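Summary of structural features
Residue-level listing of the chains:
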Amino acid sequence: MSKFNKIVKDIKSLNIQGARDIAFAALNAYSLKNDSKSIKKLINARPTEPCLRNIITFAQKTTPLIAHNYFNNINKKTEINASKLIKRNNIIFTHCHSTSVTKSLILAKKHTNFQVYNTETRPLYQGRRTARELAKYKIKVTHFVDSGADLEIRKSDIIFLGADMITNNGEVYNKIGSFMISELAKKHNKKLYIVSNSWKYYPKHLDIEQRNPKEVWDINKRYIEVKNPAFEKVPRKNINGICSELGILSPKRFVKQVKKEYPWIK
Ligand code: RUB
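My aim in this report is to walk through the structure given alongside it, one point at a time. Note that the structure is predicted; figures quoted are calculated from it, not measured.

**A short note on the pairing of strand S3 (residues 140–144)**
By the bridge criterion, 5 bridges tie strand S2 (residues 115–119) to S3 in an arrangement that is parallel. Bridging across to S3, Val-116 finds its partner in Val-141. Each parallel crossover has a hand, and for S2 linked through helix H7 (residues 126–136) to S3 it is right-handed.

Given below as structure tokens:
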């Protein structure tokens, strides 16, 4: 199998997951093969990932190396901004695995002590990856089934979620379960921040990726249907701030700013 096809396969199979890592991998694949058919193949590997689309657009306007460095830089700035939100002895609640979230937490650990509550994230347990990564940096993690979210959010100070897509209305799409978490955060009066570089912004409609139902339950029985949507919407009203390289902004201000900064994202 060619290196290009291996990357596409890894993105498709979730061997590479999380919007940022997908974008970096896609850029790598793009530098190997960049005819229009190959670009289409890359985009279709994870259809609800505008960051992948945006990094390729930027690479087309510049070069893969410039795109790589620029993207690295906006991610670093995002992590610095998010790490400053964490105060001594805070409990941070998070869901799934977001490199933007884990790197911000690892950075914050350099200047303060806190702990993390996190979900296992069915069906593929990306939360375990989050827990393992943080533990390596001596960050205390308490791990729960997804349905434990209410109890744990009550005890948390702030909620950090990643983002796969940020729409023109300032709504955020993230791993399934994020809506429930955002509603609970609102109910218990906890601040919810989206930690994400601004290249997740995408003004056009994208369909939500439906993943293989077998990931949930490999069953073939009459009258039983299994569904597996990968992402869902976090409404604007449940978001206290989008923390990106542009600063910590309300969803409305974020959209205004991102349009000014990156008019090529169309
Ligand atoms: C991962 C997920 C992450 C975002 C942001 O879903 O929803 O929160 O992708 O990630 P999946 P990052 O595991 O299905 O890809 O901060 O790494 O860009």
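More follows now that the structure is in view.
**Quick look at the environment of Ile-106**
Along the chain, Ile-106 turns up in helix H6 (residues 99–108). Relative accessible area serves as the criterion here: at 18%, Ile-106 is assigned to the buried category. Once the C-alpha coordinates of Ile-106 and Thr-78 are considered, the two residues, 28 residues apart in sequence, prove to be 13 Å apart. Apart from the residues lying within four places of it in its own chain, the contact partners of Ile-106 are Leu-134, Tyr-137 and Ile-139.

**Some points on the sheet that holds strand S8 (residues 231–234)**
Pairing between sheet strands relies on hydrogen bonds along the backbone, with the strands arranged either parallel or antiparallel. The strand order across the open sheet built from 3 strands is S5-S6-S8, with neighbouring strands paired in antiparallel fashion. Edge strands, defined here as strands with exactly one partner in the open sheet, are strand S5 (165–166) and S8. Bridging between S5 and strand S6 (residues 172–175) involves 2 bridges; their strand directions are antiparallel. Within S6, the residue paired with Ile-166 across the bridge is Val-172.

**Things to note about the environment of Pro-235**
One can find Pro-235 in the loop between S8 and strand S9 (241–244). A residue is classified by how much of its surface remains accessible, and Pro-235, at 16% relative accessible area, is buried. Taking the C-alpha atoms as reference, Pro-235 lies 15 Å from Arg-253; in sequence the two are 18 residues apart. If we skip the residues at most four places from it in the chain, Pro-235 touches Phe-179, Ser-182 and Glu-183.

Cut-offs used in this document
Residues numbered from 1 in each chain as written. Predicted model: local features only at pLDDT ≥ 70, side-chain atom pairs only at ≥ 80, totals over all residues. Heavy atoms only, no water. Pairing = 2+ DSSP bridges. Helix = DSSP H or I, 4+ residues; strand = E, 2+ residues; numbered from the N terminus. Right-handed = clockwise from strand over helix to strand, strands pointing away. Buried < 20%, exposed > 50% of the residue type's maximum accessible area, 1.4 Å probe, protein only. Contact = heavy atoms within 4.5 Å.

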